[in-house]
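Working through the structure, step by step
Below, each chain spelled out in residue letters.
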Amino acid sequence: MTALTTAPGTAPAAGPYALSHLDALESEAIHIFREVAGEFERPVILFSGGKDSVVMLHLALKAFAPAAIPFSLLHVDTGHNFPEVLAYRDQVVARHHLRLRVARVQDFIDDGRLRERPDGTRNPLQTVPLLDAITTGRHDAVFGGGRRDEEKARAKERVFSLRDEFGAWDPRRQRPELWSLYNGWHAPGEHVRVFPLSNWTELDVWQYIQREGIELPAIYYAHSREVFSRDGMWLAPGDWGGPRGAERLQLVRVRYRTVGDMSCTGAVESEAETVASVIEEIAATRITERGATRADDKLSEAAMEDRKKEGYF
């Protein structure tokens, strides 16, 4: 009988082969990518140029190096995305010779399948183009950069999240994932959303960016930008309908913690110009990036969960 080397309930002593926290997260994510490659026929990676999708793509590149990634990329473009993020997206696609499909919300508005909202935001309008792209592309697995620390609805979701034939999420159909065993079985017409960064935090993401030397759009670092205040958030002006009324543009030193539709993604005042200073800033905050900067999550207590049940990520 082998004697215990550590007392019950205590962590084992670090050894020469022990993984660091970031190494363990990286290993888990790479395992998930390879598992999907083995289980599914037509996976696709959602890639917007935002930090989480950038880290997710970096992990996919490492998972299959030196071979090419066996997945294509998909981006749902609201038409109100930040230009510098779209430019970065296209640079990354060209650099790695990747295949990118862009599903544009504007196309669905033009042909009558969608209608503009009174508040000008198009973030909730992404669901229909997303589901259409999944169906026409016959994708049976879709990678997303969602993390459990972002929002309570995302905290409820598994790494492999089954979606029905309408793309809807049912929390009652969550599958157990004991010992990192992922069940990818699905009926014809259904698909699985896959979240390799589920167990990461915002701080983990930035520490990994620092360790790996990952390039991000400059919008994530402090810069001077004309913004206006609405509902306690600094929003960028645009064709979507801002500023209006008594709202006035101001030149403020800001950065973005998350990027999406300009109409609902707020900036935070910041002087963090480097990855190290961003990490210091995040370590001191007690509000998640979505909680601090995403107006669409503040529509109701269950705003995110309601959108997920309709097919949103």
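Below is a summary of the structure that appears in this document. (Residues numbered from 1 in each chain as written. Predicted model: local features only at pLDDT ≥ 70, side-chain atom pairs only at ≥ 80, totals over all residues. Heavy atoms only, no water.)

1. Things to note about the overall build of the protein chain
- Scanning the protein chain for helices and strands turns up ten helices and ten strands.
- Counting over 313 residues, the protein chain shows a buried share of 53%.
- Sequence separation of at least 24 residues holds for 72% of the intrachain contacts in the protein chain that already meet a minimum separation of 6.
- In the structure as shown, the protein chain presents an accessible area of about 15,100 Å², 54% of it carried by carbon and sulfur atoms. (Helix = DSSP H or I, 4+ residues; strand = E, 2+ residues; numbered from the N terminus. Buried < 20%, exposed > 50% of the residue type's maximum accessible area, 1.4 Å probe, protein only. Contact = heavy atoms within 4.5 Å. Areas by Shrake-Rupley, 256 points an atom, 1.4 Å probe, with all protein chains shown as cover.)

2. Details of a nonpolar patch on the surface
- Side chains of Leu178, Trp179 and Leu181 sit close together on the surface and give an oily, nonpolar patch of about 430 Å² of accessible area.
- Structurally, the position occupied by leucine 178 is in the loop between strand S5 (160-163) and strand S6 (191-194). (Patch = residues over 30% accessible without salt bridge, like charges linked within 9 Å, V, L, I, M, F, W, Y side chains within 5 Å. Salt bridge = Lys/Arg side-chain N within 4 Å of Asp/Glu carboxyl O.)

3. Quick look at the packing of aromatic side chains
- Counted according to the given criterion, the structure contains eleven aromatic pairs.
- Summarising the aromatic geometry, the rings of phenylalanine 160 and tyrosine 182 are spaced 5.1 Å apart at their centres and angled 25° between planes, so their arrangement reads as stacked. A residue pair is termed long-range when its members are at least 10 positions apart, and phenylalanine 160 in strand S5 and tyrosine 182 in the loop between S5 and S6 qualify at 22 residues.
- Joined through ring pairs, the aromatic side chains of Phe33, Phe64, Phe71 and Phe143 make up one cluster.
- Positioned above the aromatic ring of phenylalanine 108 is the side chain of arginine 113, whose terminal nitrogen or guanidinium carbon lies 3.8 Å from the ring centre. (Phe/Tyr/Trp six-rings, centres within 6.5 Å; stacked < 30°, edge-to-face > 60°. Lys NZ or Arg CZ within 6 Å of the ring centre and 35° of its normal.)

4. Remarks on the packing of helix H7 (residues 202-212) against helix H8 (residues 275-284)
- Where H7 meets H8, the axes come as close as 10 Å, and the angle between the chain directions of the two elements is 165°. Here H7 lies roughly antiparallel to H8, going by the angle between them. As H7 packs across H8, the resulting crossing turns out to be left-handed. Between H7, through Glu202, Leu203, Trp206, Gln207, Ile209 and Gln210, and H8, the contact on the second element is made entirely by Val275, Ala276, Val278, Ile279, Ile282 and Ala283.
- A breakdown of the residues in the contact of H7 with H8 according to their chemical character gives nine nonpolar, two polar and one charged. (Axes fitted to C-alpha atoms, helices over the stretch in contact; angles between N-to-C directions. Parallel < 35°, antiparallel > 145°, perpendicular 65-115°, else oblique. Left-handed = near helix turned anticlockwise from the far one by under 90°. Nonpolar A, V, L, I, M, F, W, Y, C, P; charged D, E, K, R; others polar.)

5. Let's talk about helix H3 (residues 83-95)
- When the terminal C-alpha atoms of H3 are compared, their 18 Å separation across 13 residues agrees well with the 18 Å that a helix rising 1.5 Å per residue should span.
- All of the buried residues in H3 are Val85, Leu86, Tyr88, Arg89, Val92 and Val93. All buried residues of H3 project into a common sector of 160° when viewed along the axis, lining one side. Those residues of H3 that are exposed and angled more than 90 degrees off the buried face are Pro83 and Ala94. (Expected span 1.5 Å × (residues − 1). Arc of directions from axis to C-beta.)

6. Comments concerning the sheet that holds S5
- Across the sheet, which stays open at both edges, the six strands sit in the order S3-S2-S1-S4-S6-S5 with mixed pairing between neighbours. Two strands in the sheet have a free side with no partner beyond their single neighbour: strand S3 (100-104) and S5. Sheet twist, expressed as the average angle between the axes of neighbouring strands with direction ignored, equals 30°.
- With three bridges joining them, strand S1 (residues 43-46) and strand S2 (residues 72-77) adopt parallel strand pairing. Paired with leucine 46 across the bridge in S2 is leucine 74.
- Lying on the sheet, helix H1 (residues 21-39) is in contact with S1, strand S4 (141-143), S5 and S6; it crosses S5 at an angle near 40°. (Pairing = 2+ DSSP bridges.)

7. A short note on the nonpolar core
- In this structure, Phe33, Ile45, Val55, Phe160 and Trp206 are the most contacted members of the largest nonpolar core, which totals 64 residues.
- When residues of this core are assigned to their parent elements, the largest contribution, eight residues, is made by helix H2 (residues 51-64).
- Once residues within four sequence positions are removed from consideration, phenylalanine 160 is found in contact with Ile32, Glu35, Val36, Glu39, Phe40, Glu177, Tyr182, Asn183, Gly184, Val192, Arg193 and Val194.
- In this structure, Phe108, Leu130, Ile134 and Val142 belong to the second largest nonpolar core, which totals 14 residues. (Core = buried A, V, L, I, M, F, W, Y, C linked by side-chain atoms within 4.5 Å.)

8. Concerning unusual backbone geometry
- At the junction of alanine 65 and proline 66, the peptide bond is cis and its omega measures out at 5° in the coordinates.
- Here proline 66 shows up in the loop between H2 and S2.
- With a phi close to 55°, arginine 138 is a non-glycine residue in the positive phi region.
- Following the sequence through the fold, arginine 138 ends up in the loop between helix H5 (127-136) and S4.
- We classify arginine 138 as exposed; its relative accessible area is 57%.
- Phi at tryptophan 179 is positive, roughly 55°, even though this residue is not glycine.
- The exposure class of tryptophan 179 is exposed, given its relative accessible area of 73%.

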